[in-house]
Amino acid sequence: MSLPVETLDASQSPTREGIITRLAYSCMLMVGINSGWLGPLLPQISRTSHLPIESVGLIVSSSAAGAFISVLIAGEINQSMSAQKILVGAMALFTAGLAGLAIAPGLAGLLSAGFFLGLANGGIDIGANALIVELNRERAASALNYLHVLFGVGALLGPLIVSAAFASRVPYWWVFGGGAIACAAIGFRLGTTPAHEVRTQPSLGNENENGFLPMLSRPVIWAISAVMFLYVGAEIGIGTWLFLYLHTAGALGPMLASSGVSLYWAGLVCGRGFGGRLGHRIALPLFTMLSSALSAFALLILIAAPTAGGLAASAIFLIGFGFGPVFPNMIAVGAARFPSEVGRMTSIVVAGGAIGAIVAPWLMGNAIADISPRASMEVALAFTIAMAALALSLRNQTQVAKDDSTLETIK
């Protein structure tokens, strides 16, 4: 039995490799832009569609449900199909999702559009991460941090686009329509660029140990998935509801509140850039624990002093900065543990993150509606503290995995 692994043909020119890599970065950039602008646009969607804000917030949960299904399917597809083809399909779904948000007249249409966006996000997560890992085996943690910098850059741009739209009185459907056109252009370019050759590489060890179900029997995969559940839940939940929190608890106007969301994503970008420099020099579970603890501390400050001006702004930046390295670090830990099944491993751990993105934003939205804006950030704080504790325990899990791998090699 052999496992299909995407590799670069030696005869391929650097130009083709560079084009496909840049297009993969562009896909991740669009995921970030959509994550950054959706939260600030939710109140406008709510008013226009005459729906309660907590109902409109279900778009985020619907998207996460689509991502959960997509990552499981895409992970298996990646074992026999190139990441480039997965990205082409994902961008077609992304185009459909954004167009749906632009024209959907009611909640059912909005949720369906969100589901298509989730399917696209899952495909991009699998395709882009698998591609970068295959091209950067020796420095996977750093390369993945740099890939996910593009997500952060997009998430930073998203609220800025919304601020410009607010200032120009541009309605949300024009914003989503422009995004759909950009996604269609990226997908077309990916589809017309000559693809990588997909080769097979012999699997190592007992072939019965390879596959979806055997991988689920490993405790380390559950530990990584649990960290991803908590991280993605907190990151998406804060990104979705921070605008409304700053607008209500912080008493900021729409443009300033939107700028606060941009500051959060700017912190994420800087955190991932920092992680790219240190990712191959420090134990990743320890690095993840320390960065999570930083985000938890900053969240405490934001909850205690949302109107404190510069202090609150610094806290928002540090929340994003601490979150920055977590996602790529976890993918790198999994890739090191399962080097011949990166696509399948990524699908499992990202599925854990997708479940978190369903649960945390829903909890935070209901907390805002039923309790208080502060309660929503307290939900995010609980997720972040749990993430820091679990990341520390992952240090022991990965050490056990290394020991097991050494014993198998000796045998």
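Remember, it's a predicted structure, so these values are computed and weren't measured experimentally.

Trainee: Kindly report on the overall build of the protein, identifying the contributing residues and their values.
Mentor: If you tally the helices and strands in the protein, you get 15 helices and two strands. Looking at the 411 residues of the protein, the share that counts as buried comes to 56%. Accessible surface, the protein as shown: approximately 15800 Å² in total, 67% of it carbon and sulfur.

Trainee: So what about the confidence of the model for the protein? Which residues, and what values?
Mentor: Detail in the predicted coordinates should be disregarded across regions flagged by low pLDDT. Counting all residues, the mean pLDDT for the protein is 79, and 81% of those residues have values of 70 or more. Helix α7 (residues 172-192) holds the highest mean pLDDT among the elements of the protein, 91, whereas strand β1 (residues 2-6) holds the lowest, 37. Overall, residues 198-209 carries pLDDT values under 50, and its contacts beyond four positions in sequence, including any with other chains, amount to 24 contacts.

Trainee: Talk me through a nonpolar patch on the surface; I want residue IDs and the actual numbers.
Mentor: A cluster of nonpolar residues, Ile 69, Ile 73 and Ile 77, forms a patch on the protein surface that exposes about 230 Å² of accessible area. Looking at the element boundaries, Ile 77 is found in helix α3 (residues 58-77).

Trainee: Give me the state of the cysteines: which residues, what numbers.
Mentor: Under the definition given, this model contains zero disulfides. Cysteine Cys 183 remains unbridged, with the sulfur of Cys 27 as its closest cysteine sulfur at 8.0 Å. Judged by its relative accessible area of 0%, Cys 183 is buried.

Trainee: How would you explain the pattern of salt bridges if you had to name every residue and give the values?
Mentor: Here the idea is simple: oppositely charged side chains can pair when their charged atoms come close. Applying the stated rule across the entire model yields two salt bridges. Among the salt bridges present, the one from Glu 235 reaches Arg 272, with a minimum N-O distance of 3.7 Å. Of this pair, Glu 235 sits in helix α9 (residues 219-248) while Arg 272 sits in helix α10 (residues 254-278), and the two are 37 residues apart along the sequence. Of the two residues, Glu 235 and Arg 272, both sit in the buried class. A salt bridge links Arg 374 to Glu 378; the nearest nitrogen and oxygen atoms lie 3.1 Å apart. Of this pair, Arg 374 and Glu 378 both sit in helix α15 (residues 373-410), four residues apart, which is roughly one turn of that helix. Relative accessible area serves as the criterion here: at 46%, Arg 374 is assigned to the partly exposed category.

Trainee: Talk me through empty space enclosed by the protein; I want residue IDs and the actual numbers.
Mentor: If you walk through the whole model with that rule in mind, you get four cavities of 30 Å³ or more. The wall of the largest cavity is formed by 30 residues, among which Val 31, Ser 35, Asn 121, Val 232 and Ile 236 lie closest to the centre. At the level of elements, α1 (14-49), α3, α5 (107-135), α6 (140-168), α9, α10 and α14 (342-370) are the ones that each hand at least two residues to the lining of the largest cavity. Residues belonging to the lining of the largest cavity are distributed by class as follows: 18 nonpolar, nine polar and three charged.

Trainee: Residue-level account of the packing of helix α11 (residues 284-304) against helix α13 (residues 326-337), with values.
Mentor: Where α11 meets α13, the axes come as close as 10 Å, and the angle between the chain directions of the two elements is 160°. The orientation of α11 relative to α13 falls into the category roughly antiparallel. In the packing of α11 onto α13, the handedness of the crossing is left-handed. Within the contact between the two elements, α11 uses Leu 284, Phe 287, Thr 288, Ser 291 and Ser 292 and α13 uses Val 326, Asn 329, Met 330, Ala 332 and Val 333.

Trainee: Describe unusual backbone geometry, with residues and values.
Mentor: Even without glycine at this site, His 50 takes up a positive phi of about 55°. You can see His 50 is positioned in the loop between α1 and α2 (53-56). With a phi angle near 60°, Arg 169 is a residue other than glycine that sits in the positive phi range.

Trainee: Report on the packing of α9 against α13, specifying residues and quantitative values.
Mentor: At a minimum axis separation of 10 Å, α9 and α13 run at an interaxial angle of 165°. The orientation of α9 relative to α13 falls into the category roughly antiparallel. Note on packing geometry: the crossing formed by α9 with α13 is left-handed. Contacts from Val 220, Ile 224, Val 227, Met 228, Tyr 231 and Val 232 of α9 reach α13 at Val 326, Phe 327, Met 330, Ile 331, Val 333, Gly 334 and Arg 337. When the residues that make up the contact of α9 with α13 are grouped by side-chain class, the tally is 11 nonpolar, one polar and one charged.

Trainee: Would you mind going over the side chain of Thr 240 in detail, with residue names and values included?
Mentor: Along the chain, Thr 240 turns up in helix α9. Once you skip the residues sitting within four places of it in the chain, Thr 240 turns out to touch Gly 39, Leu 42 and Val 60.

Trainee: Residue-level account of the packing of aromatic side chains, with values.
Mentor: Per the counting criterion, the structure on display carries nine aromatic pairs. For the ring pair Tyr 172 and Trp 173, a centre distance of 5.2 Å and an interplane angle of 75° mean the geometry is edge-to-face. Note on Trp 173: relative accessible area 36%, which makes it partly exposed. The structure contains a cluster of three or more aromatic residues connected by ring pairs, namely Trp 37, Tyr 172, Trp 173 and Phe 176.

Trainee: Would you mind going over α13 in detail, with residue names and values included?
Mentor: Taking 1.5 Å per residue, 12 residues should reach 16 Å; α13 reaches 17 Å between its end C-alpha atoms and fits that length. The element α13 is extensively covered by neighbouring structure, given that 11 of its 12 residues are classed as buried. Turning to α13, its buried residues are Val 326, Phe 327, Pro 328, Asn 329, Met 330, Ile 331, Ala 332, Val 333, Gly 334, Ala 335 and Arg 337.

Trainee: I'd like to hear about the nonpolar core, residue by residue, with values.
Mentor: Judged by nonpolar contacts, the single largest core of 114 residues is most densely connected at Phe 94, Ile 124, Phe 176, Ile 238 and Leu 242. Sorting elements by how many residues they give to this core places α9 first, with 18 residues.

How each quantity is defined
- Residues numbered from 1 in each chain as written.
- Predicted model: local features only at pLDDT ≥ 70, side-chain atom pairs only at ≥ 80, totals over all residues.
- Heavy atoms only, no water.
- Helix = DSSP H or I, 4+ residues; strand = E, 2+ residues; numbered from the N terminus.
- Buried < 20%, exposed > 50% of the residue type's maximum accessible area, 1.4 Å probe, protein only.
- Areas by Shrake-Rupley, 256 points an atom, 1.4 Å probe, with all protein chains shown as cover.
- pLDDT = per-residue confidence, 0-100.
- Contact = heavy atoms within 4.5 Å.
- Patch = residues over 30% accessible without salt bridge, like charges linked within 9 Å, V, L, I, M, F, W, Y side chains within 5 Å.
- Salt bridge = Lys/Arg side-chain N within 4 Å of Asp/Glu carboxyl O.
- Disulfide = S-S within 2.5 Å.
- 1 Å grid on protein atoms, 1.4 Å probe; cavity = no way out; pocket = protein on both sides within 12 Å on 5 of 7 lines; lining within 4 Å.
- Points joined across faces, edges and corners; volume = space filled by probe spheres on them.
- Nonpolar A, V, L, I, M, F, W, Y, C, P; charged D, E, K, R; others polar.
- Axes fitted to C-alpha atoms, helices over the stretch in contact; angles between N-to-C directions.
- Parallel < 35°, antiparallel > 145°, perpendicular 65-115°, else oblique.
- Left-handed = near helix turned anticlockwise from the far one by under 90°.
- Phe/Tyr/Trp six-rings, centres within 6.5 Å; stacked < 30°, edge-to-face > 60°.
- Expected span 1.5 Å × (residues − 1).
- Core = buried A, V, L, I, M, F, W, Y, C linked by side-chain atoms within 4.5 Å.

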